[in-house]
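# Inside the fold
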Amino acid sequence: PIGRWHPAEGQHLAGWLDAIGELEALSSLSAFAFEHPSDLFPDLIESAVVFEAEGLAHPLIAANVAVRNDVRLGRNDPHVYLVSGSNMSGKSTLLRSVGVNVVLALAGAPVRASRMSVSPLAIGATIRVVDSLQEGYSRFYAEILRVRAIVAPTSGTVPVLFLLDEIL
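Notes on the structure follow. Remember, it's a predicted structure, so these values are computed and weren't measured experimentally.

With that settled, the discussion passes to the pattern of salt bridges. Considering all chains together, one arrives at 5 salt bridges under this definition. Asp39 is the partner of Arg112 in a salt bridge, and the nearest nitrogen-oxygen pair spans 2.8 Å. On the criterion of sequence distance, the pair formed by Arg112 in the loop between helix 3 (91–107) and strand 4 (115–118) and Asp39 in the loop between helix 2 (13–35) and strand 1 (43–44) is long-range, its members being 73 residues apart. Looking at Arg112, the relative accessible area reads 6%, which means it is buried. You can call Asp39 buried: its relative accessible area is 8%. The partner of Glu54 in a salt bridge is Arg72, with the nearest N and O atoms 2.8 Å apart. In this pair, Glu54 is assigned in strand 2 (residues 50–56) and Arg72 in strand 3 (residues 69–74), connecting sequence segments 18 residues apart. Look at Glu54 and you get partly exposed, because its relative accessible area is 26%. A relative accessible area of 26% places Arg72 in the partly exposed class. Look at the salt bridges and you will find they share partners, linking Glu52, Glu54, Arg72, Arg75 and Arg115 into a network.

Rules of the game
Residues numbered from 1 in each chain as written. Predicted model: local features only at pLDDT ≥ 70, side-chain atom pairs only at ≥ 80, totals over all residues. Heavy atoms only, no water. Salt bridge = Lys/Arg side-chain N within 4 Å of Asp/Glu carboxyl O. Helix = DSSP H or I, 4+ residues; strand = E, 2+ residues; numbered from the N terminus. Buried < 20%, exposed > 50% of the residue type's maximum accessible area, 1.4 Å probe, protein only.

Here it is in structure tokens:
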């Protein structure tokens, strides 16, 4: 049975798996939207490179605990944010909040913000980079490799949003 099926139908398997994967992704996004009715769909901006969010929070942190922030990049606002503060003050969570909400927005999902506008962006992140004994490189070298990997897309046509956490 499988011996006859494979030559006749096997070449279609990759397409079937792609379709199932897309259906699963769309189903997950719609379930996320249903489960978070207070989250809104962002405005997608094609005319400028921009990320603007009011009341931005991480979607995996409970609403009654999450700290909301306003972040504006591009247009007439700064193009670079430097976030500093003491340990455990939420710097990494802010970076993750920006990143995950951009991914949600560009995937067509609602975001955890009271208002958000975003243009098409690629994300380059160095969050939680670690060393590797198996690969034989230190944390410093792992970060150098990661920075090199996230700089590569800058030669493309899509602007890159860099999220760099405790780099070097």
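Here the narrative resumes.
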